[in-house]
Amino acid sequence: MTVYFIGAGPGAADLITLRGLRRLQSAPVCLYAGSLVPRELLDACPLGTRLVDTANLTLDEIVVELLTAHRAGLDVARLHSGDPSVFSAVAEQMRRLDELGVPYEVVPGVPAFAAAAAALGRELTVPGVGQTVILTRTSARATPMPEGEDLKTLGASGATIVLHLAVQRIDAVVEELLPSYGPDCPVAVVARASRPDEVILRSTLADIAGQVHAAGIRRTAVIVVGRVLSATQFPDSHLYSADRERPCDGS
């Protein structure tokens, strides 16, 4: 028996990986993250699969479900939105399973920030403009941020910042980033990326908070801050340069 932690992707059902879908299609038990996981994915489960919405469960209750399936010899598809590697609360589940001797496997998924970049039609690493992306969040109504990971400190680098779980604090985000990025720095907010009701806001640090409030966006959104969002004058990547030395086989 194995628990498969599966990245369900950012919202669109067809953005799950083939491996994730195959695990889902064969699992007799599926624990999923409430409204964050599209219903179409649950429809892919075999007939008779035990479906458990974890939205209102505690960690202990989730672990009981996993342990019960383990003792019954049943594989579990544990669906998480986005990708399990960031802001998924998978680490504490894996720690518990390690303690209990329950085997598991992580199946990557499409992260929300990648779906947001796709919706914006932008690369987040642009030659000569920005080659570093910081994925972070804020601490309101969540676990406090570690020392040195506040926005003022992170923003001092000038790198592109992608904020998850922070749109409710858009005013504070703007206030903390303004000193490092300036009021004219491009900002985008993508809510419900890849879904039919996706919303995209493009503005600057000076104006984005007002747009967010006017649009009523309060959850399931990614904030992107950085000059890469409006970059047009930049050098071509060395990857495809005619001056780049290439192997004889053309690879």
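Residues numbered from 1 in each chain as written. Predicted model: local features only at pLDDT ≥ 70, side-chain atom pairs only at ≥ 80, totals over all residues. Heavy atoms only, no water.

### Considerations on the overall build of the protein chain
Scanning the protein chain from terminus to terminus reveals eight helices and ten strands. Seen through its C-alpha atoms, the protein chain measures out along the principal axes to roughly 60 × 55 × 35 Å. Sequence-distant contacts in the protein chain: of pairs separated by 6 or more residues, those separated by 24 or more amount to 69%. (Helix = DSSP H or I, 4+ residues; strand = E, 2+ residues; numbered from the N terminus. Contact = heavy atoms within 4.5 Å.)

### Brief notes about the domain arrangement of the protein chain
Quite often, the size of an interface is put as the accessible area lost when its parts meet. As far as domains go, the protein chain holds domain 1 (3–107) and domain 2 (112–230). Each of domain 1 and domain 2 has a C-alpha centre, and these two points are 28 Å apart. When domain 1 packs against domain 2, the two sides together hide about 760 Å² of surface, and 64% of this comes from carbon and sulfur. Of all residues in domain 1, Pro-10, Leu-36 and Phe-87 give up the largest surface area on contact with domain 2, accounting jointly for 63% of the area buried on that side. Joining domain 1 to domain 2, the criterion identifies zero salt bridges. Our count for the domain 1 to domain 2 interface comes out at one residue pair in polar contact (both at pLDDT 80 or more). (Domains from an automatic or database assignment. Buried area = accessible area lost by both parts, 1.4 Å probe. Salt bridge = Lys/Arg side-chain N within 4 Å of Asp/Glu carboxyl O. Polar contact = N/O pair within 3.5 Å; in protein donor to acceptor, adjacent residues only side chain to side chain.)

### Considerations on the nonpolar core
Judged by nonpolar contacts, the single largest core of 26 residues is most densely connected at Leu-163, Leu-177, Val-189, Ile-208, Val-212, Ile-217 and Ile-223. Counting only elements with at least two residues in this core, the list comes to helix H6 (151–155), strand E7 (160–164), helix H7 (170–181), strand E8 (186–191), helix H8 (208–215) and strand E10 (221–225). It is H7 that contributes the most residues to this core, five residues altogether. With residues near it in sequence (within four places) discarded, Ile-208 still touches Ile-170, Val-174, Val-187, Val-189, Leu-201 and Ser-203. Grouped together as the second largest cluster of nonpolar side chains are 16 residues, Tyr-4, Ala-33, Leu-41 and Cys-45 included. (Core = buried A, V, L, I, M, F, W, Y, C linked by side-chain atoms within 4.5 Å. Buried < 20%, exposed > 50% of the residue type's maximum accessible area, 1.4 Å probe, protein only.)

### Describing the packing of H7 against H8
Here H7 crosses H8 at 170 degrees, and the two axes come no closer than 9 Å. As summarised for this structure, H7 and H8 are arranged roughly antiparallel, according to the angle between their axes. Contacts between H7 and H8 involve Ile-170, Asp-171 and Val-174 from the former and Ile-208, Ala-209, Val-212 and His-213 from the latter. Considered class by class, the residues forming the contact of H7 with H8 number five nonpolar, one polar and one charged. (Axes fitted to C-alpha atoms, helices over the stretch in contact; angles between N-to-C directions. Parallel < 35°, antiparallel > 145°, perpendicular 65-115°, else oblique. Nonpolar A, V, L, I, M, F, W, Y, C, P; charged D, E, K, R; others polar.)

### What to know about the pairing of E8
Across the six residues of E8, six count as buried, placing the element largely inside the fold. Every second residue of E8 is oriented toward a common face, with Pro-186, Ala-188 and Val-190 on one face and Val-187, Val-189 and Ala-191 on the other, all of them buried. Sheet topology places E8 next to E10; five bridges connect them, and they run antiparallel. In the sheet register, Val-190 faces E10, and the bridge partner there is Val-222. (Pairing = 2+ DSSP bridges.)

### Remarks on the pairing of E10
Of all five residues making up E10, five are buried, and the element is well covered by its neighbours. Burial along E10 is two-sided: the residues Ala-221, Ile-223 and Val-225 and Val-222 and Val-224 are all buried. Two strands pair when backbone bridges link them, and E7 and E10 are joined in this way by four bridges, in the antiparallel orientation. Looking across to E10, one finds that Leu-163 is bridged to Ile-223.

### Quick word on the pattern of salt bridges
Per the stated rule, a full pass over the model turns up seven salt bridges. Here Asp-60 makes a salt bridge to Arg-96, at a shortest N to O gap of 2.8 Å. Of this pair, Asp-60 sits in helix H3 (residues 59–71) while Arg-96 sits in helix H4 (residues 91–100), placing them 36 residues apart in sequence. Taking relative accessible area as the criterion, Arg-96 reaches 26% and is therefore assigned partly exposed. The residue Asp-184 makes a salt bridge to Arg-227 at a minimum N-O spacing of 3.1 Å.

### Remarks on the sheet that holds strand E9 (residues 199–204)
Through backbone hydrogen bonds, the strands of a sheet pair up, either in parallel or in antiparallel fashion. With mixed pairing, five strands are arranged side by side in an open sheet as E6-E7-E10-E8-E9. Since the sheet does not close on itself, it has two edges, and those belong to strand E6 (133–137) and E9, each with one partner. Neighbour-to-neighbour, the strand axes of the sheet open up by a mean angle of 15 degrees, direction not taken into account. In this structure, E8 lies alongside E9, joined through six bridges in antiparallel fashion. For Ala-191, the partnering residue across the bridge sits in E9 and is Val-199.

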